[in-house]
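Spelled out from the first residue to the last, the chains are:
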Amino acid sequence: MFKVTFAFENGSEVEAFANAGDNLLEVARGANVAIDAPCSGNGACGKCRVQLKGGELDSKKTLHISDEEFEKGWRLACMSKICADVEVLVPDIASAYKSRMKVADLSSKEEIAIFEKAKNQVEETGIQLRNSLEVVELQMTEPTLDDTMPDVERLTRALRKFMNLKRIRVPYAVLRKLPDVLRASKFSVKCVVRVTPDDMFVYDIFDAKEDVIMGGLAVDIGTTTVSAVIINMATGEILAKSSSGNGQIRYGADVINRIIETTKPGGIKKLQDAVIKETINPMIHEMCRSINLPENQIYRMCVASNTTMNHLFAGINADYLRTEPYIPAFFKTNSLFASDVGIEINGDAHIIMAPNIGSYVGGDITAGTLVSMIWNRPEFSLFIDLGTNGELVFGNSDFMMSCACSAGPAFEGGDISCGMRATDGAIEACTIDKETMEPTYKVVGDPGTKPVGLCGSGIIDVISELFMTGIINPKGKFVREGKRVRHDHYGMGSYVIAFEEEAGSVKDVEITEVDIDNFIRAKGAIFSAIRTMLSSLDFDVSMIDDVYVAGGIGSGINMQNAVNIGMFPDVPLEKFHYIGNSSLTGAYLMLLSTQAEKKTYELAANMTYMELSTVPTYMDEFVGACFIPHTDASMFPNVHQR
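Residues numbered from 1 in each chain as written. Predicted model: local features only at pLDDT ≥ 70, side-chain atom pairs only at ≥ 80, totals over all residues. Heavy atoms only, no water.

Draft legend 1. Region of the structure containing helix H13 (residues 513-536). Taking 1.5 Å as the rise per residue, H13 with 24 residues should run 34 Å; its terminal C-alpha atoms sit 34 Å apart, in good agreement. Counting buried positions along H13 yields 18 of 24 residues, so the element is predominantly enclosed. Taken from the residues just after H13, Asp 538 is the one with a positive phi, measuring 65 degrees. (Helix = DSSP H or I, 4+ residues; strand = E, 2+ residues; numbered from the N terminus. Expected span 1.5 Å × (residues − 1). Buried < 20%, exposed > 50% of the residue type's maximum accessible area, 1.4 Å probe, protein only.)

Take a look at the structure:
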């Protein structure tokens, strides 16, 4: 056995033990050390860089690390095997995805306004913001020698008088605390109950003098990030909010790599624990502490996530999603409770899951469709949720069609040499002077934070600016020369955004022709999906009245630049609307309103799902879109005029 020491830039260390030949990335995973590995450790992305500080590693040389960097001790964790005691430095950039992920600030006025607007729009359609949870107050007579009725029967009799229901269920958790609460309160109590036309379920019991809050939990489980809010189920008020990187990230940036991981021994449990024990439960505890609310006073939960995340959250085999005929275990289920999956709230809390509509279009899209309101408008609208995958819905109040395309990890910084997620040090916006070719950029983090890499919105800006200033041609090749444009000994061009002395990393922050090519394919997947879906309906982009963009990356996107590179259709900018994290907002509405929940099920049942892989013309559309902005210039007349 050899000792492996993981050192961090803040001075902390984690020690682990491994056998000769063990993979360093797997050792890190076993020790719960966060090292970003979007490709899940097959050596393709180059993101799992660590620096050898002492001891030895059996490491393969890769194209992701230069000779100079190799001499300085830089290695890829996934390409390194244990052969002796070793100490490695895990740089902030390798672990920032877990601790410093940037998502939309839910405490901002803009985000609160998004929730309020969604509530108002839903109410305007006649949907009531009411649910089946209630707090009822009861006064019972105290037992005597002449009245020896058991406590639970005394309670159910009082509830039955209050609400004339034949069936009342009192679970063990309530039965256990019932005798003490009744006597401490002198038989004057408040009960948290769920009432349906058929029965009543008692979730909790309190002294009548206590202020009782019925908590509810809405969670958006994204492939990259997880966001959540705790609400007051009686009023809809948002009490707390939290966001975090999805702990599953270290098993791969995309759902396919994670599904493959589940096929290994113990893999399903490992992926379930990563999202529940490592991500959601700590978020719950953090939020509950901030508002002084006991976790067991959260009585209902709603989850909105893609189809794969739904399966991994529930601990259900997702392997059949990735092979033909791409069949999920479920589209809709009402059978989950908190105690079933280890969510640390009230054990009897029912978990509502936004319904899936296809193998790669899940509950996050159905919840988002509810929020987009395209189902309530006669105009034709396009809803786009941008993330690790791109999911689309097109339609109006008469019909809706959906599809999903695998954009890959490029929007999250994967497949890009200096790409990163939107953490401290990420360039999130950029302009380039047409004459001098000098960049001006905005960096995520506190003022003065040095750039380390490019996140998705920054990549869109840089490529758009390079194209619009004539530095690259429509194929993504460099055609201008200058101090920031250079070529390696293979002739591959690159543009330096920040030289090493300006950057907060060990090398220049640059974007290469290979990076641009990778991103062109990612944006091409989005646009070709839009075109394929519209063509199947005999529509074209001119018939789109509004475009609703959702997702964490959507908040930072410069819509004009996204059009310039051919990712979004060339329609007037006033038609684009950012609607925030629509998946979380939709989960919030489903949690708060029983009618909104039923409406979401209805939307899912009535939506047509298109499996792009079975459409013969999709590949032709994709090839045409792998150009800036497109091989057919007539599709982007305004871009060419500029």
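Draft legend 2. View of empty space enclosed by the protein. The final tally for this structure, using the stated rule, is two cavities of 30 Å³ or more. By volume, the largest cavity is sized at about 50 Å³. Every residue lining the largest cavity is listed: Val 255, Asn 306, Thr 307, Thr 308, Ser 359, Tyr 360, Asn 389 and Glu 391. Of the residues contributing to the lining of the largest cavity, the split by class is two nonpolar, five polar and one charged. (1 Å grid on protein atoms, 1.4 Å probe; cavity = no way out; pocket = protein on both sides within 12 Å on 5 of 7 lines; lining within 4 Å. Points joined across faces, edges and corners; volume = space filled by probe spheres on them. Nonpolar A, V, L, I, M, F, W, Y, C, P; charged D, E, K, R; others polar.)

Draft legend 3. Local environment of helix H4 (residues 109-124). Counted at 1.5 Å a residue, the expected span for H4 with its 16 residues is 22 Å, and the 22 Å between its end C-alpha atoms agrees. Glu 111, Ile 114, Phe 115, Ala 118, Lys 119, Gln 121 and Val 122 are the residues of H4 that are buried. On the buried face of H4, the contacting elements are strand E11 (225-232), strand E12 (238-245), helix H11 (363-372) and helix H15 (582-592). Two residues or fewer past H4, Gly 126 is found with a positive phi of approximately 100 degrees. (Contact = heavy atoms within 4.5 Å.)

Draft legend 4. Spatial organisation of the sheet that holds strand E4 (residues 74-76). With respect to topology, five strands assemble into an open sheet ordered E2-E1-E5-E3-E4, the strand pairing being mixed. Since the sheet does not close on itself, it has two edges, and those belong to strand E2 (13-18) and E4, each with one partner. Within this sheet the neighbouring strands show an average axis-to-axis angle of 35 degrees, counted without direction. In the sheet, strand E3 (residues 49-59) pairs with E4 via three bridges, with the strands oriented antiparallel. Across the sheet, Arg 49 pairs through a bridge with Leu 76, a residue of E4. (Pairing = 2+ DSSP bridges. Axes fitted to C-alpha atoms, helices over the stretch in contact; angles between N-to-C directions.)

Draft legend 5. Region of interest: the side chain of Ser 464. Counting through the fold element by element, Ser 464 comes out in helix H12 (residues 456-468). A relative accessible area of 0% means that Ser 464 is categorised as buried. In contact with Ser 464, not counting residues within four places along its chain, are Asn 561, Asn 564 and Ile 565.

Draft legend 6. Seen up close, the packing of helix H8 (residues 267-291) against helix H9 (residues 307-314). Packing of H8 against H9 leaves a shortest axis separation of 7 Å and a crossing angle of 85 degrees. By the criterion of interaxial angle, the relationship of H8 to H9 is roughly perpendicular. Taken together, the residues of H9 that come into contact with H8 (itself represented by Leu 271, Gln 272, Val 275, Ile 276 and Ile 280) are Leu 312, Phe 313 and Ala 314. In terms of residue class, the contact of H8 with H9 is made up of seven nonpolar, one polar and no charged. (Parallel < 35°, antiparallel > 145°, perpendicular 65-115°, else oblique.)

Draft legend 7. Inspection of the pattern of salt bridges at higher detail. Within the structure shown, the criterion is met by 22 salt bridges. Notably, a salt bridge pairs Asp 199 with Arg 169, separated by 3.0 Å at the nearest N-O pair. Separated by 30 residues along the polypeptide, Asp 199 in strand E9 (residues 199-207) and Arg 169 in strand E7 (residues 167-169) bring together distant segments of the chain. Looking at Asp 199, the relative accessible area reads 6%, which means it is buried. Under the relative-accessibility criterion, Arg 169 is labelled partly exposed at 29%. The residue Glu 502 makes a salt bridge to Arg 484 at a minimum N-O spacing of 3.9 Å. Remark: Arg 484 occurs in the loop between H12 and strand E21 (485-487) and Glu 502 occurs in the loop between strand E22 (493-498) and strand E23 (509-512); sequence separation between them is 18 residues. (Salt bridge = Lys/Arg side-chain N within 4 Å of Asp/Glu carboxyl O.)

Draft legend 8. Quick look at the packing of aromatic side chains. Following the criterion strictly, the structure yields ten aromatic pairs and no others. Between Phe 394 and Phe 539 the ring centres are 5.7 Å apart and the planes differ by 85 degrees, which places this aromatic pair in the edge-to-face class. Highlighted residues: Phe 394 in strand E16 (residues 390-395) and Phe 539 in the loop between H13 and strand E24 (546-550), separated in sequence by 145 residues. Assessed through its relative accessible area of 0%, Phe 394 is described here as buried. What makes Phe 539 buried here is its relative accessible area of 18%. Ring geometry for Phe 527 against Phe 636: centres 5.2 Å apart, planes inclined by 45 degrees, an arrangement best described as tilted. Of this pair, Phe 527 sits in helix H13 while Phe 636 is found in the loop between helix H17 (618-625) and helix H18 (637-641), placing the two residues 109 residues apart along the sequence. Residues Phe 527 and Phe 636 agree in their burial class; the two are buried. Site record: aromatic cluster; members linked through ring pairs are Phe 380, Phe 394, Phe 399 and Phe 539. Over the aromatic face of Phe 206 sits the side chain of Lys 177, whose NZ or CZ is 4.9 Å from the ring centroid. One Lys or Arg, Lys 332, reaches over the ring of Tyr 601 and ends 4.2 Å from the middle of that ring. (Phe/Tyr/Trp six-rings, centres within 6.5 Å; stacked < 30°, edge-to-face > 60°. Lys NZ or Arg CZ within 6 Å of the ring centre and 35° of its normal.)

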